[in-house]
Amino acid sequence: MDRNAKPRSILESVGEEIIRIITPVSICMLLVVLLVTILSSDSSSSSSLTTIASIAYSESSSDSTWDKFTGALLYSLVFVAVVTVVTFILVFLFYLRCTKFLKYYMAFSSFIVLGFLGGEITLFLIRDFNIPIDCLSFGIILFNFSVVGVMAVFMSKMAIFVTQGYLVIIGMLVAYSFTLLPEWTTWVLLVAMALYDLAAVLLPGGPLRLLVELAISRDEDIPALVYEARPTTYHDMGQRRLWRENLNNHSNSNTVSAPAEISDRNEANLDRAEEGRVLESNSELSTPLITRRINDQFNSEEDDIGIEGIGLGSSGAIKLGLGDFIFYSVLVGRAAMYDFMTVYACYLAIIAGLGVTLMLLAFYQKALPALPVSILLGVLFYLLTRILLEVFVVQCSINLLMF
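So, a few notes on the structure that sits alongside this text. What you are looking at is a predicted structure, and each value in this text was computed from that prediction instead of being measured. (Residues numbered from 1 in each chain as written. Predicted model: local features only at pLDDT ≥ 70, side-chain atom pairs only at ≥ 80, totals over all residues. Heavy atoms only, no water.)

Now for the overall build of the protein chain. Scanning the protein chain for helices and strands turns up 11 helices and five strands. In the protein chain, which comprises 403 residues, the proportion classed as buried is 45%. Across the protein chain, every contact between residues at least 6 apart in sequence was considered, and the portion connecting residues at least 24 apart equals 77%. Accessible area of the protein chain: about 21,300 Å², with a carbon and sulfur share of 65%. (Helix = DSSP H or I, 4+ residues; strand = E, 2+ residues; numbered from the N terminus. Buried < 20%, exposed > 50% of the residue type's maximum accessible area, 1.4 Å probe, protein only. Contact = heavy atoms within 4.5 Å. Areas by Shrake-Rupley, 256 points an atom, 1.4 Å probe, with all protein chains shown as cover.)

Below, the structure written as structure tokens:
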């Protein structure tokens, strides 16, 4: 490697990782938009979604605008409160080392989503497209599809693209079910979840921060649905954790290593560590995601703990919670119920927000919440498109103006 080669910029360093995250997010949003478009005229599938927060408020078309707003706000507060309580219960169970129970619970939940929710949506599609299939064959195919999905997501013994594909499908199914919520409730809930994500990830007492700090202290994985841009490497000695850098052994060299060289050094250091050999004094475990910047900000003695949201996975890859997939897709799916122009605007806003978050991740080298920037930009672009851009485009079309 030429020592005089120009160091790679942040964009070049994280470009591949950005594409690997944006691609599945875009696929999930596209599938939700297709489902909303196909099933929007289906009266049996357009009933409102009933959740535990529905006891607080259930929107009706006869309600006034103010009643819809206050009711949606109350609904969102109850929903966020329930999510917060459930997350703290998850932290408590993980503290008690009930990891197997949590994994079984997540596996059962995934099976329910794939089997029941996926089966219901598939029945609507079969009816709309008049696909000839008998009940027995459909049941067998659906059961096998659900079982394989649970095994792919939680057993981690299948090809990585199979696991990633099932995660996208789960996100799509849950996102479509949330698009059945009333309009005002959907938009207020999206903003509320973005604010909750910001607090849960960044506040010292946030439930997600507490959960992952506990996992890091035990060097264990959290039983959760997380999409990782690259596959995780496993060995007999356990899972490799490149994201836990040894900040006490910084290199004295001022040259910036290329990602390929960093990766090779990581592999050698990990092999020595797994064989029980002592690492060299000037070696460290570096993540190939970000070109290391020589800055006193990153030479502090305190470890910045990566937390759930959007951050580095165990293989050094970017990871994104499945909840982010879901709420991105809910926003685009709700926009698809109005007009495709708003879909394009919201999609570009979400991708731009995700790109900004990824750039902030590369700059700060710590995990960040992925919802706030994208959701707030998406809601803003939806309002601007619906209020301003649509009127402009319609007038141009009426007057036969091209631009």
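Summed over the entire model, instances satisfying the criterion amount to two salt bridges. The shortest N-O distance in the salt bridge between Glu-183 and Arg-386 comes to 2.9 Å. Of this pair, Glu-183 sits in helix α6 (residues 183–202) while Arg-386 sits in helix α11 (residues 371–398), and the two are 203 residues apart along the sequence. In this structure Arg-386 comes out as partly exposed when scored by relative accessible area, which is 30%. For Glu-213, the salt bridge is made with Arg-209, and the minimal N-O distance between the two is 3.1 Å. (Salt bridge = Lys/Arg side-chain N within 4 Å of Asp/Glu carboxyl O.)

Moving on: the side chain of Thr-385. One can find Thr-385 in helix α11. Polar side-chain contacts of Thr-385 include one of 2.6 Å to the backbone oxygen of Phe-381. Leave out the neighbours within four places in its chain, and Thr-385 touches Met-341, Thr-342, Ala-345 and Glu-390. (Polar contact = N/O pair within 3.5 Å; in protein donor to acceptor, adjacent residues only side chain to side chain.)

A cluster of nonpolar residues, Leu-30, Leu-34, Ile-38, Phe-129, Ile-131, Ile-133 and Ile-141, forms a patch on the protein surface that exposes about 640 Å² of accessible area. Among the elements that make up the nonpolar patch, the one with the highest residue count is helix α1 (residues 10–39) (three residues). Position of Phe-129 relative to the elements: it lies in helix α3 (residues 99–129). (Patch = residues over 30% accessible without salt bridge, like charges linked within 9 Å, V, L, I, M, F, W, Y side chains within 5 Å.)

Let us look at the environment of Leu-360. Mapped onto the secondary structure, Leu-360 falls in helix α10 (residues 340–364). With residues near it in sequence (within four places) discarded, Leu-360 still touches Gln-365 and Leu-368.

This paragraph deals with the packing of α6 against α11. Look at α6 against α11: their axes get within 8 Å of each other, and the N-to-C directions meet at 150 degrees. When the interaxial angle is binned, α6 and α11 end up roughly antiparallel. For α6 against α11, the interelement crossing comes out left-handed. In this structure, α6 contributes Glu-183, Trp-187, Leu-190, Val-191, Met-193, Ala-194, Asp-197 and Leu-198 to the contact, and α11 contributes Leu-371, Pro-372, Ile-375, Val-379, Tyr-382 and Arg-386. Considered class by class, the residues forming the contact of α6 with α11 number 11 nonpolar, no polar and three charged. (Axes fitted to C-alpha atoms, helices over the stretch in contact; angles between N-to-C directions. Parallel < 35°, antiparallel > 145°, perpendicular 65-115°, else oblique. Left-handed = near helix turned anticlockwise from the far one by under 90°. Nonpolar A, V, L, I, M, F, W, Y, C, P; charged D, E, K, R; others polar.)

Core analysis: the largest hydrophobic core is formed by 70 residues, its most contacted members being Tyr-328 and Ile-375. Leaving out residues up to four positions away in the same chain, Ile-375 has contacts with Leu-190, Val-191, Ala-194, Phe-327, Tyr-328 and Leu-331. Of all hydrophobic cores here, the second largest spans nine residues; its members include Leu-102, Leu-211, Val-212 and Ile-222. (Core = buried A, V, L, I, M, F, W, Y, C linked by side-chain atoms within 4.5 Å.)

Another point: the packing of aromatic side chains. Applying the stated rule across the entire model yields nine aromatic pairs. Ring plane angle 70 degrees and centroid distance 6.5 Å describe the contact between Tyr-338 and Tyr-382, whose orientation is recorded as edge-to-face. Placement of the pair is Tyr-338 in the loop between α9 (322–336) and α10 and Tyr-382 in helix α11, with a sequence separation of 44 residues. Tyr-338 gets classed as partly exposed once you look at its relative accessible area, which sits at 33%. The ring of Phe-94 carries the charged tip of Arg-218 above its face, separated from the ring centre by 5.5 Å. Seen from the ring of Tyr-338, Arg-386 lies directly overhead, with NZ or CZ sitting 3.9 Å from the centre. (Phe/Tyr/Trp six-rings, centres within 6.5 Å; stacked < 30°, edge-to-face > 60°. Lys NZ or Arg CZ within 6 Å of the ring centre and 35° of its normal.)

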